[in-house]
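A look at the structure
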Amino acid sequence: MANTAPSLLILGTRGIPAAHGGFETFAEKLALFLVERGWQVGVYCQDEVPAVTRRFHSESWRGIELIRTQVSSSGPRATIDFDWHCVRHAARRPALSLVLGYNGAIFLPYLRLAGRKIMTNMDGIEWRRPKWSWPVRSWFWMNEWIAAWSSHRLVADHPIIADHLATRRPRSATVMIPYGGMPIRMAPAKPLAKFGLESGRYLISIARIEPDNSILTLVEAFSSRPRGMPLVVLGNFSDENAYHRQVKAAAGPEVIMPGAIYDAETVRALRFHARGYLHGHTVGGTNPSLVEALWAGNPVIAHDNPYNRWTAGEAGLFFADEASCSNAIGRLLADDELAARLKQAALVRARSSFEWQAVLEHYEREALALLGLEPEAAVAPAEVAGGRRG
């Protein structure tokens, strides 16, 4: 390390402590890791208020600077306002900017012209998601290009994403670093009681209730015949959403829909004690929920696409439609030997490619390189270090 502590600002999340999703969890873990390594770290946190009284103020949390940023708008407009004010503020700070996602990349040229180094995690290929209207997809497509050319370093979280980014920039501009996870070695079964569940006697799905996550296919496949145990579908449902109404209408009597659950201990217990995890994502990179399922030792039934096949590896059974999904569910429920083999494969896959320590060390090495500093010696698993992540 240099005598002066290296400095990093994290943009693009709603903030920490994590309460919203994968990027927030990653931002929290990376910030804590770097602070322990002697870095100065600031994380921009979005505060939606009726009227802006103090655009920025800082708080300290576990050695991290939380840069609280007030915006008086709401919804998508609030996110755009937040991104703009964060970029303007970061442009005045002598730090490397780590941007998570490219939805607000239209502002990154301002940051680059201010002479700041930029590393951007490019997330998934958002403009390909069918849920978005064409104007929204065009916005994402444009921002992807802007991020690709405004950033000094691009991070892909999956080999397929790295291949895609190679159509935007020379491949040498991109590094592949996976999402990480923590092992769940044990969890109390007590939280299961409120849902009427028994350990090892249910399947689970944890995802946004959206068409490109195949929730309707999963529910229809499971409900196509009696299973002898329930399927728990975690996620927010709204009666105003036509797709949500379809999913509810398709659900048989063995499907349980408790809504979204934000209590970490309850979610951990539900993962740990499940017979298997259903993953219908069709678009994106290495999905955090799938990584967490592997760390919980969950056999996986996943939509058959390159993203999921690479991530789940030997821990997965894969489906292309309702019939093949129903067949995979039947196999997993009927075959204890298969379930045990997939469980072991899940843990092997998680340990080989998705260790947080290796992931965070890799980010630090990339950040130090951008700042022109020498990285400390750290050895990542061969797959991560070689440009492959799980």
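Residues numbered from 1 in each chain as written. Predicted model: local features only at pLDDT ≥ 70, side-chain atom pairs only at ≥ 80, totals over all residues. Heavy atoms only, no water.

**What to know about the overall build of the protein**
Scanning the protein for helices and strands turns up 14 helices and 14 strands. Relative to the 2.2 N^0.38 estimate, which gives 21 Å for 390 residues, the radius of gyration of the protein is 21 Å and therefore close to what a compact globule would have. Principal-axis analysis of the C-alpha atoms places the extent of the protein at approximately 60 × 50 × 40 Å. Expressed as a percentage of the 390 residues in the protein, the buried residues total 55%. Summarising the internal contacts of the protein: among those between residues at least 6 apart in sequence, 66% fall at separations of at least 24. Here the protein has roughly 16,900 Å² of accessible surface; of this, 52% comes from carbon and sulfur atoms. Across the protein, the mean location of the 43 positive side-chain charges is 3 Å away from that of the 38 negative side-chain charges. (Helix = DSSP H or I, 4+ residues; strand = E, 2+ residues; numbered from the N terminus. Rg over C-alpha atoms; globule rule 2.2 N^0.38 Å. Buried < 20%, exposed > 50% of the residue type's maximum accessible area, 1.4 Å probe, protein only. Contact = heavy atoms within 4.5 Å. Areas by Shrake-Rupley, 256 points an atom, 1.4 Å probe, with all protein chains shown as cover. Lys, Arg positive; Asp, Glu negative; His and termini not counted. Charge placed at Lys NZ, Arg CZ, Asp CG, Glu CD.)

**Details of the sheet that holds strand β4 (residues 64-71)**
Strand order in the open sheet made by the 8 strands is β3-β4-β2-β1-β5-β6-β7-β8, with mixed pairing throughout. Since the sheet does not close on itself, it has two edges, and those belong to β3 (56-61) and β8 (174-176), each with one partner. In this sheet, adjacent strand axes meet at a mean angle of 25° when their direction is disregarded. For strand β1 (residues 7-11) and strand β5 (residues 96-100), the ladder comprises 4 bridges, and the chain directions are parallel. Residue pairing in the sheet places Leu 9 in a bridge with Ser 97 of β5. (Pairing = 2+ DSSP bridges. Axes fitted to C-alpha atoms, helices over the stretch in contact; angles between N-to-C directions.)

**Brief notes about the packing of helix α6 (residues 215-222) against helix α11 (residues 322-334)**
Each pair of packed helices can be described by the angle between their axes along with the distance between the axes. At a minimum axis separation of 8 Å, α6 and α11 run at an interaxial angle of 55°. Relative to α11, α6 is oriented oblique. When you trace α6 past α11, the crossing you get is right-handed. Listed contacts from α11 to Thr 217, Leu 218, Glu 220, Ala 221 and Phe 222 of α6 are Glu 322, Cys 325, Ser 326 and Ile 329. Residue composition of the contact of α6 with α11, grouped by class: 5 nonpolar, 2 polar and 2 charged. (Parallel < 35°, antiparallel > 145°, perpendicular 65-115°, else oblique. Left-handed = near helix turned anticlockwise from the far one by under 90°. Nonpolar A, V, L, I, M, F, W, Y, C, P; charged D, E, K, R; others polar.)

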